Every structure is written in C-alpha cells, then in structure tokens.
2 protein chains.
Amino acid sequence: MPVTLNAAAPDFETAFAALLGAKREDSPDVDAAVADIIADVRARGDAAVIALTKKFDRVTLTPETLRISAAEIAAAAADVSAEDRAALELAATRIRAYHERQLPEDAEWTDDTGATLGWRWTPVSAAGLYVPGGLASYPSSVLMNAIPAKVAGVPRLAMVVPTPDGVLNPLVLLAAQIAGVDEIYRIGGAQAVAALAYGTQTIAPVDKITGPGNAFVAAAKRRVFGKVGIDMIAGPSEILVIADRDNDPDWIALDLLSQAEHDQSAQSILITTDPAFGKAVSAAVDKRLETLERREIAGASWRDNGAIITVPDLDVAAELSNRIAPEHLELCVADPDALSAKITHAGAIFLGQWTPEAIGDYVGGPNHVLPTARSARFSSGLSVLDFMKRTTLARMTPDALRQIGPAAERLAQSESLEAHGLSVTARLRKLNG
Amino acid sequence: MPVTLNAAAPDFETAFAALLGAKREDSPDVDAAVADIIADVRARGDAAVIALTKKFDRVTLTPETLRISAAEIAAAAADVSAEDRAALELAATRIRAYHERQLPEDAEWTDDTGATLGWRWTPVSAAGLYVPGGLASYPSSVLMNAIPAKVAGVPRLAMVVPTPDGVLNPLVLLAAQIAGVDEIYRIGGAQAVAALAYGTQTIAPVDKITGPGNAFVAAAKRRVFGKVGIDMIAGPSEILVIADRDNDPDWIALDLLSQAEHDQSAQSILITTDPAFGKAVSAAVDKRLETLERREIAGASWRDNGAIITVPDLDVAAELSNRIAPEHLELCVADPDALSAKITHAGAIFLGQWTPEAIGDYVGGPNHVLPTARSARFSSGLSVLDFMKRTTLARMTPDALRQIGPAAERLAQSESLEAHGLSVTARLRKLNG
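Procedures and definitions
Residues numbered from 1 in each chain as written. Chains lettered and ligands numbered in written order. Predicted model: local features only at pLDDT ≥ 70, side-chain atom pairs only at ≥ 80, totals over all residues. Heavy atoms only, no water. UniProt positions renumbered as here; feature names shortened; annotations may be inferred. Helix = DSSP H or I, 4+ residues; strand = E, 2+ residues; numbered from the N terminus. Buried < 20%, exposed > 50% of the residue type's maximum accessible area, 1.4 Å probe, protein only. Contact = heavy atoms within 4.5 Å. Areas by Shrake-Rupley, 256 points an atom, 1.4 Å probe, with all protein chains shown as cover. Lys, Arg positive; Asp, Glu negative; His and termini not counted. Charge placed at Lys NZ, Arg CZ, Asp CG, Glu CD. Least-squares fit on C-alpha atoms with pLDDT ≥ 70 in both. Buried area = accessible area lost by both parts, 1.4 Å probe. Salt bridge = Lys/Arg side-chain N within 4 Å of Asp/Glu carboxyl O. Polar contact = N/O pair within 3.5 Å; in protein donor to acceptor, adjacent residues only side chain to side chain. Nonpolar A, V, L, I, M, F, W, Y, C, P; charged D, E, K, R; others polar. Axes fitted to C-alpha atoms, helices over the stretch in contact; angles between N-to-C directions. Parallel < 35°, antiparallel > 145°, perpendicular 65-115°, else oblique. Left-handed = near helix turned anticlockwise from the far one by under 90°. 1 Å grid on protein atoms, 1.4 Å probe; cavity = no way out; pocket = protein on both sides within 12 Å on 5 of 7 lines; lining within 4 Å. Points joined across faces, edges and corners; volume = space filled by probe spheres on them. Pairing = 2+ DSSP bridges.

As recorded in an unreviewed UniProt entry, chain A goes by Histidinol dehydrogenase and comes from Sulfitobacter mediterraneus. According to UniProt, the comment filed for chain A under the heading Catalytic activity (unreviewed entry) is "L-histidinol + 2 NAD(+) + H2O = L-histidine + 2 NADH + 3 H(+)".

As for the overall build of chain A
When its secondary structure is counted, chain A shows 17 helices and 14 strands. With respect to the principal axes defined by its C-alpha atoms, chain A has extents near 85 × 60 × 45 Å. Residues classed as buried in chain A amount to 61% of the 433 residues present. Within chain A, counting contacts between residues at least 6 apart in sequence, those at least 24 apart form 74% of the total. Total accessible area on chain A stands at roughly 15,700 Å², and carbon and sulfur atoms take up 52% of it. One way to put it: in chain A the 40 positive side-chain charges average out to a point 8 Å from where the 55 negative ones average out.

Regarding the relation of the copies chain B and chain A
Mapping chain B onto chain A leaves a residual RMSD of 0.0 Å; the transformation is a rotation of 180 degrees accompanied by 0.0 Å of translation along its axis. The relationship between the two copies is best expressed as a two-fold rotation axis. Of the residues that chain B buries at the interface, 100% are likewise interface residues in chain A, meaning the two copies contact each other through the same surface.

Thoughts on the interface of chain B and chain A
Taken together, the contact pairs 118 residues of chain B with 118 residues of chain A. Here chain B meets chain A over a buried area of about 10,400 Å², counting both sides, of which 58% is carbon and sulfur. Along the contact surface separating chain B from chain A lie 10 salt bridges. Between R377 of chain B and D207 of chain A there is a salt bridge; the shortest N-O distance is 2.5 Å. The interface formed by chain B and chain A contains 66 residue pairs in polar contact (both at pLDDT 80 or more). Along the lines of polarity and charge, the residues of the side of chain B that touches chain A split into 58 nonpolar, 32 polar and 28 charged.

Re the packing of helix 17 (residues 418-432) of chain A against helix 10 (residues 249-260) of chain B
Axis separation between helix 17 of chain A and helix 10 of chain B bottoms out at 7 Å; the angle between their running directions is 160 degrees. As judged from the angle between their axes, helix 17 of chain A and helix 10 of chain B are roughly antiparallel. Judged by the twist between their axes, the crossing of helix 17 of chain A over helix 10 of chain B is left-handed. Here A419, H420, L422, S423, A426, R427 and K430 of chain A of helix 17 of chain A come into contact with helix 10 of chain B, specifically with D250, W251, L254, D255, L257, S258 and Q259 of chain B. Its residues placed into classes, the contact of helix 17 of chain A with helix 10 of chain B shows 6 nonpolar, 4 polar and 4 charged.

Digging into the layout of surface pockets
Remark: the empty space left among the atoms is shown by a probe the size of a water molecule rolled over them. Approximately 600 Å³ is the volume found for the second largest pocket. Around the second largest pocket sit 23 residues that line it, and L103, P104 and E105 of chain A together with P104 and E105 of chain B are the ones nearest its centre. Of all the elements in the fold, those that place two or more residues in the lining of the second largest pocket are strand 3 (116-123) of chain A together with strand 3 (116-123) of chain B. Taken together, the residues of the lining of the second largest pocket sort by class into 12 nonpolar, 3 polar and 8 charged.

Let's talk about the UniProt feature "binding site: NAD(+)" (unreviewed entry) in chain A
Residues and elements named next belong to chain A. Per the UniProt entry, the sites bearing "binding site: NAD(+)" (unreviewed entry) are Y130, Q191 and N214 in this numbering. Spatially, the listed residues are clustered: although they cover 85 residues, their C-alpha atoms lie within 12.7 Å of one another. Here Q191 shows up in helix 8 (residues 189-198). Beyond its immediate chain neighbours, meaning those up to four positions away, Q191 contacts I37, V41, V49, L52, T53 and F56. As for its position among the elements, N214 is in the loop between strand 7 (208-210) and helix 9 (215-224). There is a polar contact of 3.0 Å between the side chain of N214 and the backbone nitrogen of F216.

A short note on the sheet that holds strand 5 (residues 156-160) of chain B
Residues and elements named next belong to chain B. Within the open sheet, the 5 strands sit side by side as 6-5-4-7-8. Their pairing is parallel. Of all strands in the sheet, those bounded by a partner on one side alone are strand 6 (183-185) and strand 8 (229-230). With 5 bridges connecting them, strand 4 (residues 126-130) and strand 5 associate as parallel partners. Bridging from a neighbouring strand, Y130 pairs with V160 of strand 5.

Brief notes about the UniProt feature "active site" (unreviewed entry) in chain A
Residues and elements named next belong to chain A. The sites that carry the UniProt feature "active site" (unreviewed entry) are, in the present numbering, E327 and H328. The topology assignment puts E327 in the loop between helix 13 (314-324) and strand 12 (328-332). Excluding anything up to four places from it in sequence, E327 contacts P236, S237, E238, G347, A348, H368, L370, P371 and T372. Among the polar contacts made by the side chain of E327, one reaches the main-chain amide nitrogen of E238 at a distance of 2.9 Å. Relative to the helices and strands, H328 is located in strand 12. Residues contacting H328, with those up to four places away along its chain left out, are S237, E238, I239, L240, Q259, A348, F350, E357, D361 and L370. Only 2.7 Å separates the side chain of H328 from the backbone oxygen of E238, close enough to count as a polar contact.

Quick look at the packing of helix 16 (residues 398-414) of chain A against helix 17 of chain A
Residues and elements named next belong to chain A. Contact geometry for helix 16 and helix 17: axes closest at 9 Å, N-to-C directions at 145 degrees. Considering the relative orientation of helix 16 and helix 17, their crossing is left-handed. Listed contacts from helix 17 to P398, L401, R402, G405, P406, A408, E409 and A412 of helix 16 are H420, G421, V424, T425, R427, L428, L431 and N432. Looking at the contact of helix 16 with helix 17 residue by residue, the class counts come to 8 nonpolar, 5 polar and 3 charged.

Okay, here's the thing in structure tokens:
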C-alpha cells in the first residue's frame, strides 16, 4: 500500500517531510571501477573500448566494426513496420516544431555612452548521445536528445548504444536516422562515455554528452564533466497528479502507473481534494495491477514510493507540489490554467484531463528529458540551449572609454590588480594627451 | 620566456597541440577531506560550521554571530570612499542594464491539432553566492554573481565569505549591499558550501550555488551538485589577443599582463600577423614586468604559460582561436566585426583596440564569470538564465488527442510500456465510444 496522508492531520508535516526526504535510489558505488575504465580508454583508445565491450557486452569488435555501418542501419530500419515508422515520424515532426521555437536570439545594441554591447549564440561543434541498451533502450529518447541538438545546429552528432550479445534495436536505429544522427557506435557503459569525451583512434571526441544511462554511465559522465559538457544526471522517474473528484479514477490510475512501470524506484503521487476520489484511484490502481504486463515493477514502485495526499483546497495542493518540485505534473482540475499559475517548480506541466503524461513522453512536442529528484527547483528539461553557448560582445569607443574607464581604473586599484588598471590608463592617457 | 610559435613552421601543429593540452593547474586532491567536512556539516549543522571556521579562519563564532549583522555591513560600507562607492554603483548599474536584456520570454501557442504548447520561466527560490576571502576577495565578483540572480527575480540570495582572522572587506560588503544580497555569513571553504546546500539550524538551504573558490570550494561544489545546482568550476583565467601591427605594443602588453597578474597558472596568448609586432609586445611585457606590483605572479604566468603565435593571416588566427576556445578574446584589428564573425567558441569577445579586457571585468556590462580551460566549446558565461528554470506546458483537447494519441499508443507498445499506452487508450475509448 502506498502512503496515505491528509494535509489537515496534525502529524502531516513530519510525514510529508519524510516522503520528500526518502532516498529512493540506492546507486552502487562504481566510481573506482569507472575511473579505471576511463584511464584505460585514455591510454589505449580503441583497444580498450574493444576489450571492455567484449567483457561487458559479449561482442567481439574491431576498429572497423565499432561503428554501425550505413548498410546495417538501412537494413534494420527496413525491418520496422510502416505503422511504427509513421508514429516515429509524427513524433519527430512535433518535437522538432516545438524545439525550433526555442532557438535563442542574438542581441546587439548601443548604449548611452556609445559602447556597443550584445551576445551571440553558437552551437557546439560536436555532441555525443548515450543510448542505453537492453530494456531501457527507448527510440523516443533518441528523438528527444538528437532533435534538439540538430535544431541547435550541431554539425556532428555521434551516438553510442551498447548491443549486448550483438542484438541491434531496429527502432532505435531508425529513430537515429530520422533525427539526423551522423555516426552510431555499438558501445556502451563508461567506456563509451570515455571514448566520446577523450576520443580514440576511430571515434573523434565530442564537446557535449547527453542521454540517460545506468550507474556506470552516470559516474562516467560526472568524471568527464569539465573536459566536456554533460546534461543532468537523471534519477528515477516521478509523476505528481493533482486531481479533483471530476475525473475518471481509472485514467488517473493509469497515469500514476505509467511512471511506476518504468522502474521500481519511480514515484507516483496523487494529491486530491476528495478523499473518496483518492480511495477510488487506489482501487483502480490495484485493479490495473492485476493484469499489467510490468505489474511487478509497477506494483513495487507504487507500494514502496507511491502516495495519496488529501488536501483541503487547491492552494495547498500547489504549495505541496512546489515543495515536491515534480518532474511531471498533471493538473486534472476544472481550471488547470489557474492552478498552473501557482506552480513555481516543475519540469513539465500537463494541463487538463485530456493530457496524459504519456503524450509528453512521445508526441506532445516538449522534451521528455526532465529534472528528477526535486531538481526542478534549479534546473530545466533538455532543450536547444543545452547544445548552444553564448559569447558576450563588447565594443568601446574612445568616448565610451572616457566615460566609464575611470571607474574601471578605480575598481582595479581597489582589488590590487595594477595591470588591469594600467590597461585602461594607457588608453585614457592617449585620449587625454 | 613565453613560447614563440609560427603557424607556417613545419612543426607548428605539434607545438600548438602541446600548448592546447598543457595542464596548467595542479589542483591538490582534497576530495576525501571535503567529503568529511560535508558529512560533518550535515550531521552537526552550526556546530560543525563553527568548529571548522575556528580551525581554518581562526575566528570564534556562535550561531548568533555566523551572520554578519546589518549594523556591521552599514559600518563597513561607511568606510568606503565616495569614489570607490561611485565606481561600484556605476558598475552595478551597467551590469544590471546588460543582464535585464537576458530575461527570457515565456511562450504559448496553439498548434494545428488544437493542442496548446509552451513554456514558462521561473527563478530559483534561493541562491547562495560563494565569495573567497583574502587576496581573491573581489567586490566586482560579488556584483557579477549577485546582480544576475536579482535580475532573475531570486527572492532570497545568501552570500558566504570567509573572514580569516576576523577581517571584513568593506568593499565586498558594500558591493553585496548594492547588489541586493539578502543575507551574509562569515564562513568559507567546503563547510560554507555544505551549509548552503544542506542548511544548518541558522542557515536555510539554497537551491543553487555560484561563485569562485579554491580547491576545497570546487570539490565541495562538485559533491553537492545534484542536491543543488552549481555554476561552472572555474579554472585559471586566460586571455587571447589577436592583434595586427597597428596597435600600441604597450597596450597589448598590459592586456596580456592583466590576466597574467591574476594567478601564476593564468595564460596569456598573443596571435599576430606581424612577427616584428610580436617582438615589440614581448619587449613591452618585459619592461612592464620590471615595475608591476604583482610582477612575480605575472612574470611566472607569462614565462610558463604565455605564448606569441605568428600567423599568415586573420583566417588562420580565427581558426587557432576556435581551437583554443578562449575565456577572453580581444580583437585588436582594423575590422574586428569581420573577424568576430569567424569566431565560433569564446567566452567573451572585446572588439577593437579601445576595449581592453579589464573593462569587461568591471564596468562593461557583460558578465566576467566566463568559461575557462577550453570549456567555451560547450558552455557560456554566467547569466540570468543560471538562476532560472523552464517548465514546459502542454494541453491537449479531445480532438488533439484523437489526432496524435494513436502514435503515442504505438510507440508505448514498441517500448513495452503498457500503462503509458493504456493511459491514452482509456481516453480515446471514451472519445470514440
């Protein structure tokens, strides 16, 4: 049974704080092993990657077969049904349209001193996309990572995906093709992250690495951060549904289960103004769990991490939601816009009962790579900006320097940075002399 | 003597690669010590922070005196000369005006299916600003970190600054006051970072921590990343000046020295189309080094990490600059805009001979917290966006769901995520039945 809380109860604050603070993920400490793997790849390049792939994925590669060939990709893509292809293409089109609106604008202006100021955005030169193998190898994630990079204008996008026992995932390869991925390597784990960050004889290094992965991948991303940019380190998925009584309990149950089925560490929370509705949803979840394919995972997640919270009104719901800072937030209430306006921290908001979270996972348009573990307090979902950087621009005129230079001289002096001040002084002397 | 290279020489590529790959910073490995400090602060809160401050800063505090009082700030600020205050205020006004233009826009639109999509930006609820003590305690850095946070709309901005032997820096406190910092604590090191990230009895936790610091601070920021957001881990400062012969060698020498004087690990590079001009700059640097206050630091930096590179033309200069991806880039050439258009990776560009880099450190307007160690390939200087996050929005109508829902069902099925698909199916069934 999930936790059942009532915001009006005297012990609520303690119980809610415990829910917020609960550690759902117990990551193994693989940092030392990962450090060795990275050092090996840096030292031996391809040879290390090949040896580690043999060891972990039971696949024998050569420098020539590290990369999945165009022929292999075409053959795999041809295996995909027309319906699956059409679904991927619809998703790609909608994701691209959404992300194209995120392209930032350059700026340049002249201020009252005559100085010209501004900034300019440019894409990274090369990005690497990590795609997990096995069960968590999702074609939708390929679209969600690759399309923003290509919209940003990244000229070279290299993907890595492990192929345990040599098995390729046709949908993943087709998604990569649709999204415009330029190179695909059949490697995974910390060795793939190291190869992307430092390069090998066969794989040119990239500047930014994104994409989800297991504990080894996460530890490797942390270690190469600084040498390259990385996206966030994703934790288990979460959903918070705020629902009033005017909803179908079964729909809400399915929305909660759609996160729970990801991972037994996932978390699904319902906040409702009606305790009877909460009970109805609980019953609907139990009923669905009888037949759901992934009922073991979903059931464990719901039992261990799920919660149903009753609140006196939607203001309290918004307040609790902001403390949770959920990755996914569904607002199944009469006026979702009014409630949305009170939400300050959330990765993605799904407004109204016709917007199940799963739409956002695939075809809505917004990115499904979102901040987990309360990090929506300070970070955002993946976007075009993650594949771009801003260069600031400044151009003084002699007159502008005459106006603001003396303040720079003064501050340089106060910080005991003499050459800083002199670089201004020398120019002002020419102007004034 | 700095390295002297000629891009036309046969061994240039090897020498340039060595320059690019040179490791200038030899950070001590303090990670284990930092892990202990963080654990201590998490376990004992104020008591740990007080004990560590006694040990490292030789200052005896109580929970009541951890925070610098309004009276102390006012008294310190009153100590600052009118000229210094005016310079700080001019800098703050210009930095604020520049950063206000960075405020991102929300978006909302309806697409051809009738779905409403968009996003919304919100500030973090609380930010923490680390300010180093001692020699590197710069009032300009307080402005550069605090003003973007306040422009972003961060309601609570807490600053930490160690006060070794109890010495307060009046300019730092005045800068904090001008920038609108809400709380200031006289603590530093890993213990201050831990206190900001996890909170103590006296210090409420924040959501984002920015600001420079020594190896302990950097290691602590890496460790609390995930619990809170952090800015980049800054390395030693760098400047690249691209100059033609029509410049005063002394001005360029001073610009190079203004980075070299920061730190002996700093790096100053001149790229010029004229070898004779390169020699003249070298001579001018040597002459300035005879009298510069920080000649030992600046001289060591220039000798160990400096370089003068001769190139056949400005296209080669741009190409080398993009490989360096400098933190600061000065373009002292006849047509700096034309050259700037060829630059793809740089933290900040200073256009023309009237724009010494030091202007950007203080009063230009753009931020002086910039990506170092070639990270301008994938990251940007500090901005208002670092203190905000984006929530994506999606609202389906029944008709929109009818159009795109089937593709979501299909993809969910292909990923074996049954509940994802069913959450759409249940709604479509209602629409169709």
